[in-house]
Every structure is written in C-alpha cells, then in structure tokens.
Amino acid sequence: MKYRLNTTNYHTFSVFGVNNLPPRSYFIPYPTRADADAVTPKRKRYASPKVECLNGVWDFKFYPLPAELPAELDTDAVAFDKLDVPSCWQFRGYDRPFYVNYRYQFPYKPPVIPTTDKVGRVFSWLGCDTGLRPRWITPEEEYNFVGVYRRFFDVADADKRIVISFLGVASCLDLYLNGKYIGYAEGSHNTAEFDLSGKVQPGQNELLAVVHRWCNGTYLENQDMFRNNGIFRDVLLRTEEPADFRDIDAKTAKKDGRYTLTLTAETHADTTVTFTLQGHGLTRTATVPTQDKTARAVFADLDVTEWNAENPVLYDLYYETAAGCVKEKLGFRTVEIRGDVFLLNGSKIKFKGVNHHDTDPRNGYTLSPDDIERDLLTCKQFNIDTVRTSHYPPDPLLLELADELGIYLVDENDIETHGTFAMQFPPTYNSISDDPKWKAHYLDRIAHLYQRDKIHGNTSVIMWSLGNEAGGFYNTDAMYDYLKARSDLPVHYESAIHCKKQAYDVGSEMYPTVQMVHDVGEKRRKQTRLNDRPYFMCEYAHAMGVGPGNTEAYWQEVYRYDSLMGGCVWEMVDHAVLHDDGRYTYGGDHGEWEHDGNFCVDGLFYPDRTPSTGAYIMRFIYRPFRVTHCGGDRFELFNTTAFSRGRYTLQFLWNDGSGTELTPDTAPLSKETVTLPMGSAVDGTLLLTVKTLDTKTGRCVAEEQPIVTLAVPVAPAVKALPVGAGVQDGRFALQRDGKLLLTADTEGTLLYRASTDNDTDVFFRRPLTPWQNQRSEVVSCKGIANGYEVVTRLTNGKGRYTVTDTYQGTDKGVLVTSVLHRERGSQTVPRFGKVFRLDEIFDTVTYFARSGESYCDMKDQFCVQQVTCPVSAMTEPNIRPQESGNRMDCTTATLTDGQLKVTFEAVGKPFELAVKPYTDRALTGMKHREDEVRTGTYVTVQAFQQGIGTGACGPAIMPEFCYELKQDCTLQFLIRVEEV
Ligand code: GAL
C-alpha cells in the first residue's frame, strides 16, 4: 500500500499533536460486571473482549539514513524486518544503546532538532567522558534515525468506533492506516490515542507507525538514562459503543469524619450510567441519565476504612452502561498540608522512598506486568513505601498495583531539560522552562499526566510532580495552575529551587547535606520557602556502586522535625545492558561519541533486581520499629510507622541463648521505654539481636543489634617463631611441610583502595588516585627477639609514611604488630591494612563480624555473627568492579582448603576484614565483571578504612568517617595455622 508520509511534524515546533484524542483516564472496559470482576489488574488490558492488545511481532524497517525514507512509501516495496512490540529498537540490534546523562545527542539550539542531515557540531562542557572542559565534537554517522512499524489487524465490524491507544512511544509517532494519514503525537511516556472510526475497513487493515528518534519534544525529555526509541509500551485497540465511556473520574473529600465520593462519567452518546461503590460491607449505587453525555453521582456521608500504604484498603467502583462495565479500585484517604507538616489521613507521616525508572537490562524501557509487580513487591520487601516515578509517568499498571499493594507515589511529569545546563554558556536551568513559547508543550504534558492518572490521585498518588531538573518558572507555573484548578493534591517540583520560585507546595531538594536538612528543620535556610512548608528529599543517598554511606544521619533529622517528610533514595535499579554471553555494558561500551560511563549504574538493586548492599541498608534504615539501648535493662522502642499499632512483634535474642518477645502497642511515630530481662556475656562478648516480625505477613522485616560488645584478647606472651615462619626480602611468609602457604602480598600494606563510584565526585575528581600511586621500599629488615622486624617506606601522591612490622611467635600463632607512621604529607589516610596471599584453594571463609558488606558509615544493616561462605561471596558483583565486601567489627577470620585452617585473630580491638579473589591493585584497573579474574585468596586485615559517603552525586565522606593519623596507628593480630 502507498503512503504519503508527513515529513514535518516531528521538527515543527508548533505541532505536538495532530488528530490525537484529548487525554482521559486510563481504564479498560469489559462487557459485564462479572467479566470485570474476574480479572486481575495485571491481566486487565489483555483479557477484555472490548480491547485487543496489538503486542506481538510487527514488521519493522530501520532507516539509519533518514534521507532514505521516501516521502511516498510503498509498503509492498519495503523489505521489512521483524520486531517485537513493545520493545526498544536499541535493545534489538538497531542503532545501539546510548547512555548520556544531561546532554542532548544533538547540538543545543532549542527547539531545533536535526532532520535528515548529520547532527553537526555539538558543544558541551560537562560529562563523564570529557570532564569539565568545553568540547566541540562532530559525530560521524549520527542521524535522527527513523523506524517504520507496520502491522495488520482485522476488524469484524468497521462501523464501530475504534480507538487505538499507544501507552508509550519514543520519541513521537506519525500514524497511518490503509494508505491514509491518521495523526501525530509527542510525549514519550504519555498515552497517545487516535480515533480510527470511519478509517478502518472490514477484514484486514494495515497500520503504519513512523517513529523518529528525536522530535522537538525531545528537548523536554533529557532524562539521565539510556536514550531509547520505539513503541516501548503496549498498544491497545479499543472498540467503543456509543454508550461506552469516553472518560471517567472519581473524587473523594472528607468532612467531619465522613467521606463524600463524587463520580463522573462521560459517554460517547447520551445513555444511562449506573455508578456503584462497593466493599467492606458498604454498597452505594446510583443510576443517572447523562446530560450532554455526562453523568454524575455523589455518595455522601460514607463511613469507610481509610487507605494507607500500611493497610491498603480498597473499595470497588463500577461504572456501567448498557454497553459495558469499567471497574476501578479506590482508596479513601486525605492528604493535607497544615502549616509546614504533611499529613496523610490527618496523621504525621515519613515517606520511606526510592526513585524508580523503567529499566530492564534486556528490554530498556519496556517492563512487563510481572516486572512492574516484581519491582513494587521488592519495594515492600525492603521496607520502601514510597516511589517517585522518576522522571515520567510510569505504565498505568504501576499505579493500579501501588493502590493495591500499598505504595505512595510521587507521579512525575515527562519533563527534563538538563542539557540547558551542560550545553551552553552561561549554563542555566531555566532557558526552556521560563520561555513562554514552550508553554503549550508544557501544558500538553501535564494534562496527559493528570488526566491519565487522576483516579489514582485519590489513592496511591500523594503528590503530582511537574518534572525533573528543568528549572522554571513561567511554564512550570502554568502547569501548577493547571493542576490546582483540578486537584487538591500538593504539587512537587524540585527544580523550582533553581529559579526564584524556590518551591511549590512542598520544599524539595536533591542530595542535600545532613546539615542542610537540619537547617530546614531549624528553619534557618536562606531559601526561605524551604523553611515554611513540608520538605521532601526527592533524591538523596546516591546509591552508585558501593553505598550509600552515611544515610542514617538523614533519618535522625527526618524523625526530629515534623516538617521533614522523608524522601527517595537515588535510585532503585542499576541501568545497564545485558548481552547474550552474560556481559553487562554501560555508557561508552557501545561506541557512544558522548557518554556518561556508568553514572546510571546507581541502584540499590543490580539490573536483574538482585539486592546490593544498598538495598539492605535501606531495608534497615526504613524499618518500622527501632530499638535503642538506654542503659541498664532499659530500651527505647520507636514505632516509625504512621498508622500501625500492635502489628510488629519484637524478638529480643541474646547470644547466651536467652530471649524474650513482645508486641508493643507503641503509638505511630512515638517512642516508649521498656525494661527487659538481660542476657549474659559469653566469653566477654554480649550481643543483643532484635528481630522485627510483621504479624500481618509473618515476615521478618528487620534485624538490628542495639548491643554489640565484643571481647577481643590482648596480645599473648611472645616466644620464638614456629618452624616455617619467617621473612624473606622483607616479606613475611609461612611455610608448611616445605611448601609456601601464606605470604605478605607484594604491596604488603594498603593505604589505598580501588576507587568506589562514590570516591569520584560530580566534577569527576578522584581523590584516591594519588593514594593508588603507591610505591613501597623495604628500608630495613632484621631479626629481633622471637622474630623479625621489617620497616617499609610507602610513598604516594599524598605523602610519605613508614610501616614498622614485627612478626613474633606466641602460643596462639604469629603475632603481627604493624605501626603506621606519617613522615610527611596527608594526615587523613584512607586505609591501613596488611594484605596476605593464600592459594585460591583456600576458598572457604568463616568469620565473626558484620555478616555482610559494611564500612564505618554503613555498617548497622548487618548484625555481628559467625558466617561461613566461599571467597566469591566476600566481594560484591558490582557492574563496574570497585572496592567492595569490607566486613566491620571482625574478631576472627579463618580460611580453609579443607585440610588446613589459617586463622586471623584480632588482638586488642576488632579489625576490618577484606577477603578478595584478586589484589586491590588489579581491582583498580577493572571495568566490568568479566575483568574479575581470580589470582588467589587475598586477606586484608585493616586497622581502618574510611567510609563510603555518596560523593558521586552528593555529600562526600563525612569527616567523622575519615581517619586522621594524628599519631602512629598500631594494628595487631595473630595468624595461626591448624589442621582441620
Ligand atoms: C539527579 C537527577 C537524576 C540522576 C541523578 C544522578 O540530578 O535528577 O536523574 O541523574 O542526579 O544519578
């Protein structure tokens, strides 16, 4: 079939929609109430006889040279490939994955975008690949690629009204049917709907969709993520009878303890609508004839159980006409700002949140219903109760599931213009958002967000968000007014902080320091609009690589001040690309001419949703109960929930085996003090572990240790070294039966670590590099009473240090005493550890320490206990390998090959343990998981290692978690070899 293609819409600024239907609520009609009742939210859009899902294999033709897309396209002459819908074409072999953070992929000249020519010369001054310097680059073979999609569908009754809905297409869509033009839409994450009535024909129909990589709207979609394209969400074909609904709405309001529910419905033709509210013993129904195709019913004086995320009580709503039934779920709850306090159902509340992107390592933006459900269930399992849909509206299913599972949502608009910052001088956030000529574009986007999701504004959605990092404020004001005219919900928009607006209904910031948050609580911030209203950390605790460190400190403040609402960690899941051979790649690995490396590999969960330590940190920090030891037998219990009382059972378990259990009735967000029977120390060690059980789900939701007192032996009397222990060329070695068993590693002493992502700051400085340039030189090596003394000089880019090591015999093994002395240079030292090598056959570790990855500013998420595991479990599978796997508060660690046991035992105080399958030196050069080649078993016994912080995008390591070598530091421990 022949098509005359539109060649202008995508680059014509004034055009962002042609013939597309006005936005409306997302809903799925069913023929009858029984049919609507029979389906789960996940199956809803696939099971209705009134809706055909057009997912599946479509014909696809990719035009790497857009000029080759003919203005007259004859589909019979096109050699189509096959492509599954929904999907992103970069994840199916067309073009390639391209990750860039805040730069556009074309020259910044809003609203101009490349058409059929090469993109031309691109200026930027900030990026992981370039650093902080102006750069002009003219990328080769970079075009505004085009994908042409075709599929056939059959229509039985061509006289019916037929509407096609695209739930997500990046970046825009020109639609054609049976040789004719249908319309155009922009707004990648918004629903685009077109009326095909009168254009469909009985039997087979040919649908053609032309998708451009970029359109003018791309200026508003500069989110930090892989820049993907295609029809990436479901496509639905809806058959609508005259009596079917065009739109539906529901609005709840509370007065004097009772709710009023106002239901409205618009139909295509005048008819009669029956509205029903039902559930939990309540039924209200009203049958109303439409007037001007609109019907309305008000159910007043409703005595309902309120919805909250802890107890997500939902009622059924039915909208029925002779043509069919739409069923929705509804929660009753209020959101209110009183002074500077955000109240839910009239109660104070703290939002324990995370930012969620639609990201999948094999499918890019495309998430299946199971994926969406898994993500929300994962949040629940990790005590996360709030999701900011960064930075665009999610698939509408996510909202239905959030209502049902109990997750608060900050529903965000599809707007970000961050390139205004990185691609022009002087950088300014506001270039587009304060330019009135963009106003209609902004209003179009906010209308799509609000209209699609408005019903959920009663339940899971607690705030609308105008977008991300787009500054303001002419156009953001217009969007704010649009929302205020329609909804009582507060409006959130962080980027207001970058213009004189400062804040809309709530103050919001990203990556504040703890001090800044404290100052908000104290009402001392210079941006006064942060002081006088509730304050939300829309992004904090940058979870890139190892970390986030020092996150608990924020929650000390959040709990201290009523105006602090809590916030959302950045972010839930690592973005990366998974290949068939199991490799993961990130920015720059796909030949991107500009990229931001692994900056989007920054989640609490790995791309496959396996939890990283960050997830356990947040599970711990967001726990519903907190127990603190006040001294003696008194303990403070803190219920951090907003609504639950008597729901959690606390099991107090002492390491002497005794224990007790209670289910406190502590009021929400309050504390009480209890006395408990105390356990006794075992060999001087006293541990109290508290497990929190959710009596509703039976799950253990948290473990914490309010008492950790570790007994550590003092140095035993020295005597001659055992046979086989000695020092050669300045390196300690242990032989067994004439064979080398253990040696001090070549570097012997580590004052550095392989940089974590959070050891690189936003300006791409890597403060640890000078430390990694470490040279060591043995200054002296001599025999002393009962052993040896070796003095080594360590020189690095930060200074010069000497380490004096002695190795002496004792009844309990070789006593190692290592003294670090600063000759000159930095007093702050990142790490002090002694590293030893064993063969890789020593693969089983048994240790008594924090039971998982822990550093001094992030250790309480794991309890002190004995653990046995393989060496591979002692490092974390970061997508970009980096320092990982430290274990704090270690008293002993034993490595075994099944025959011999080599034990490292703390003397004087616990040490920090690291066991790695390769050297830290090798680790500094690794870029991907497959670089992690095993070369032995390397055990590092450390006096200290600095904390982690969140410096990649946030505060660096706090001074209290850095080590100041004010005087010489002594590290002492025993090494012992025994038969198993
Ligand atoms: C924020 C931004 C996020 C992400 C994050 C860093 O500025 O809103 O999208 O880029 O920083 O990972």
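Residues numbered from 1 in each chain as written. Predicted model: local features only at pLDDT ≥ 70, side-chain atom pairs only at ≥ 80, totals over all residues. Heavy atoms only, no water.

A.B. asks: Honestly, the overall build of the protein in this entry has me stumped. Any pointers?
C.D. replies: A tally of helices and strands in the protein yields 12 helices and 66 strands. The C-alpha atoms of the protein give 31 Å as radius of gyration, which agrees with the globular expectation for 980 residues (30 Å, within 12%). Each principal axis of the C-alpha distribution contributes one length, and for the protein these read about 100 × 65 × 55 Å. Evaluated residue by residue, the protein yields a buried proportion of 63% over its 980 residues. Expressed as a percentage of contacts within the protein between residues at least 6 apart in sequence, the contacts between residues at least 24 apart total 73%. Total accessible area on the protein is roughly 33,800 Å²; 49% of this is exposed by carbon and sulfur atoms. Where the 107 positive side-chain charges of the protein centre and where its 131 negative ones centre are 3 Å apart. (Helix = DSSP H or I, 4+ residues; strand = E, 2+ residues; numbered from the N terminus. Rg over C-alpha atoms; globule rule 2.2 N^0.38 Å. Buried < 20%, exposed > 50% of the residue type's maximum accessible area, 1.4 Å probe, protein only. Contact = heavy atoms within 4.5 Å. Areas by Shrake-Rupley, 256 points an atom, 1.4 Å probe, with all protein chains shown as cover. Lys, Arg positive; Asp, Glu negative; His and termini not counted. Charge placed at Lys NZ, Arg CZ, Asp CG, Glu CD.)

A.B. asks: Help me understand the packing of helix α3 (residues 369–381) against helix α4 (residues 396–405), please; the structure alone is not making it clear to me.
C.D. replies: Packing of α3 against α4 leaves a shortest axis separation of 10 Å and a crossing angle of 35 degrees. Where α3 crosses over α4, the two elements pack in a sense that is right-handed. Two secondary-structure elements touch here, α3 through P369, I372, E373, L376, L377 and K380 and α4 through L397, L398, L401, A402 and L405. Here the contact of α3 with α4 is built from residues that sort into nine nonpolar, no polar and two charged. (Axes fitted to C-alpha atoms, helices over the stretch in contact; angles between N-to-C directions. Left-handed = near helix turned anticlockwise from the far one by under 90°. Nonpolar A, V, L, I, M, F, W, Y, C, P; charged D, E, K, R; others polar.)

A.B. asks: Sorry, what's going on with the packing of helix α8 (residues 514–521) against helix α9 (residues 552–560) here?
C.D. replies: Helix-helix packing is described using two parameters, namely the angle between the two axes and the distance between the axes. Contact pair α8 / α9: the axes reach a minimum separation of 9 Å and the direction vectors enclose 5 degrees. Relative to α9, the element α8 lies roughly parallel. Residues V514, V517 and H518 of α8 touch α9, and the partners they reach there are A553, Y554, E557 and R560. Its residues assigned to classes, the contact of α8 with α9 shows four nonpolar, one polar and two charged. (Parallel < 35°, antiparallel > 145°, perpendicular 65-115°, else oblique.)

A.B. asks: Sorry, what's going on with the site of the ligand here?
C.D. replies: Near the ligand, the surroundings consist of 13 residues, among which D224, H391, E469, E539 and H542 are the closest. Within the side chain of Y511, one N or O atom sits 3.5 Å away from an oxygen atom of the ligand. H542 is positioned such that a nitrogen or oxygen atom in its side chain is 2.8 Å from an oxygen atom of the ligand. Compared with its free state, where it exposes 310 Å², the ligand has 96% of that area covered by protein. (Near = heavy atom within 4 Å. Polar contact = N/O pair within 3.5 Å; in protein donor to acceptor, adjacent residues only side chain to side chain.)

A.B. asks: When you look at the sheet that holds strand β21 (residues 245–255) in this model, what are you seeing that I'm missing?
C.D. replies: Where strands meet in a sheet, backbone hydrogen bonds hold them as pairs that are either parallel or antiparallel. Taken together, the three strands give an open sheet; going across it, the order is β21-β22-β25, and neighbouring strands pair in antiparallel fashion. In this open sheet, the two strands that pair with only one neighbour each are β21 and β25 (294–302). Adjacent strand axes in the sheet meet at a mean angle of 10 degrees, parallel and antiparallel pairs treated alike. Pairing analysis gives 10 bridges linking β21 to strand β22 (residues 258–267), with the strands arranged antiparallel. Bridged to A250 within β22 is L263. (Pairing = 2+ DSSP bridges.)

A.B. asks: Honestly, unusual backbone geometry in this entry has me stumped. Any pointers?
C.D. replies: Only a minority of non-glycine residues have a phi that is not negative, and only a minority of peptide bonds are not trans. With omega at -10 degrees, the peptide bond leading from F425 into P426 counts as cis. With respect to the element layout, P426 can be found in the loop between α5 (419–422) and α6 (439–453). Here W570 and E571 are connected by a cis peptide whose omega angle stands at -5 degrees. The residue E571 is located in the loop between β38 (564–569) and β39 (577–578) in this model. Its identity as a non-glycine residue notwithstanding, N383 has a phi of 65 degrees, on the positive side. As for its placement among the helices and strands, N383 is situated in the loop between α3 and β32 (386–388).

A.B. asks: Even after reading the chapter, I still don't get the pattern of salt bridges, so can you show me in this structure?
C.D. replies: Once the charged atoms of two side chains with opposite charge are near each other, the side chains can pair. Counting across every chain of the model gives 84 salt bridges. Note that R103 and E594 form a salt bridge whose closest N and O atoms lie 4.0 Å from each other. Of the two residues, R103 is situated in the loop between β8 (99–100) and β9 (122–124) and E594 in the loop between β40 (584–585) and α10 (613–621); the sequence distance between them amounts to 491 residues. In this structure, R103 and E594 share a single accessibility class: buried. (Salt bridge = Lys/Arg side-chain N within 4 Å of Asp/Glu carboxyl O.)

A.B. asks: Quick question: what am I supposed to make of the side chain of R609 here?
C.D. replies: Mapped onto the secondary structure, R609 falls in the loop between β40 and α10. Among the polar contacts listed, one links the side chain of R609 to the backbone oxygen of P607, at a separation of 3.0 Å. With sequence-adjacent residues up to four places away left out, R609 is seen in contact with T359, D360, P361, L367, R374, D375 and V573.

A.B. asks: What is the right way to read the domain arrangement of the protein from this model?
C.D. replies: One widely used convention gives an interface's size as the accessible area the parts lose upon coming together. Looking at the protein, the domain boundaries give domain 1 (2–240), domain 2 (245–322), domain 3 (384–620), domain 4 (624–709) and domain 5 (718–979). Listed as interface residues are six residues of domain 4 and, on the opposing side, four residues of domain 5. Here domain 4 packs against domain 5, burying approximately 400 Å² in sum over the two surfaces, 64% of which is carbon and sulfur. Counting across the domain 4 and domain 5 interface gives zero salt bridges. (Domains from an automatic or database assignment. Buried area = accessible area lost by both parts, 1.4 Å probe.)

A.B. asks: Got a minute to help me understand a nonpolar patch on the surface in this structure?
C.D. replies: Judged by side-chain polarity, L132, V762 and F763 come together as a nonpolar surface patch covering roughly 260 Å² of accessible area. Locating V762 in the fold gives a position in the loop between β51 (739–750) and α11 (769–772). For V762, a relative accessible area of 36% gives the class partly exposed. (Patch = residues over 30% accessible without salt bridge, like charges linked within 9 Å, V, L, I, M, F, W, Y side chains within 5 Å.)

A.B. asks: What is the right way to look at the sheet that holds strand β45 (residues 670–675) in this model?
C.D. replies: What the three strands build is an open sheet, ordered β41-β42-β45; its pairing is antiparallel. Single-partner strands in this sheet number two, and they are β41 (625–631) and β45. Here the strands of the sheet are splayed against their neighbours by 25 degrees on average, with no regard to which way each runs. Here strand β42 (residues 634–639) runs beside β45; their pairing, made up of six bridges, is antiparallel. Counterpart to E636 in the pairing with β45 is T673.

A.B. asks: Looking at this structure, how should I read the packing of aromatic side chains?
C.D. replies: Two measures describe an aromatic ring pair: the distance that separates the ring centres and the angle between the ring planes. Within this structure, the stated rule accounts for 54 aromatic pairs. Between Y616 and F862, the ring centres sit 5.6 Å apart and the planes meet at 45 degrees, which makes this aromatic pair tilted. One end of the pair, Y616, is in helix α10; the other, F862, is in the loop between β58 (844–850) and β59 (864–870), and 246 residues separate them in sequence. Among the residues examined, F862 registers a relative accessible area of 14% and is labelled buried. Each member of the aromatic cluster is reached from another via a ring pair, and the members are F13, Y104, F106, Y108, W214, Y219 and W438. In this structure, R33 is placed above the aromatic ring of Y318, and the distance from its NZ or CZ to the ring centre is 4.0 Å. (Phe/Tyr/Trp six-rings, centres within 6.5 Å; stacked < 30°, edge-to-face > 60°. Lys NZ or Arg CZ within 6 Å of the ring centre and 35° of its normal.)

A.B. asks: Would you mind showing me how to read the nonpolar core here?
C.D. replies: Considering soluble globular proteins, one finds that nonpolar side chains tend to be buried as a cluster. One finds F342, L466, F536, Y540, V569 and L604 to be the most contacted residues of the largest nonpolar core, which totals 129 residues. With six residues, the top contributor of residues to this core is α4. For V569, the contacting residues outside a window of four places in its chain are G353, V354, N355, Y540, A541, A543, L604, M618 and Y622. The next biggest cluster of nonpolar side chains, apart from the first, holds 54 residues, and it includes A725, F832, M874 and I975. (Core = buried A, V, L, I, M, F, W, Y, C linked by side-chain atoms within 4.5 Å.)

A.B. asks: Got a minute to help me understand helix α7 (residues 474–484) in this structure?
C.D. replies: Owing to its 3.6 residues per turn, the α-helix aligns residues three or four sequence positions apart on the same side. Among the 11 residues of α7, eight are classified as buried, and the element is accordingly described as predominantly covered. Those residues of α7 lying buried are N475, T476, D477, A478, M479, Y480, Y482 and L483. Next to the buried residues of α7 lie α6, β34 (461–465) and β35 (491–492).

A.B. asks: I tried to follow the pairing of strand β46 (residues 686–694) on my own but got confused; where do I start?
C.D. replies: A regular strand places its side chains on the two faces of the sheet in alternate fashion. Burial analysis of β46 places seven of its nine residues in the buried class, which makes it a mostly covered element. Pairing of strand β43 (residues 648–654) with β46, which is carried by seven bridges, proceeds in the antiparallel orientation. Bridge pairing in β46 places T649 opposite L693. Hairpin connection, β46 to strand β47 (residues 700–709): the antiparallel pair is bridged by five residues, and G698 has positive phi, about 80 degrees.

A.B. asks: I would appreciate a short explanation of α3 in the present structure.
C.D. replies: With 13 residues, α3 extends 18 Å between its outermost C-alpha atoms, agreeing within 8% with the 18 Å of an ideal straight helix rising 1.5 Å per residue. Taken together, the buried positions of α3 are P369, D371, I372, D375, L376, T378 and C379. Where the residues of α3 are buried, they touch α2 (44–47), β31 (351–355), β32 and α4. Taken from the residues just after α3, N383 is the one with a positive phi, measuring 65 degrees. (Expected span 1.5 Å × (residues − 1).)

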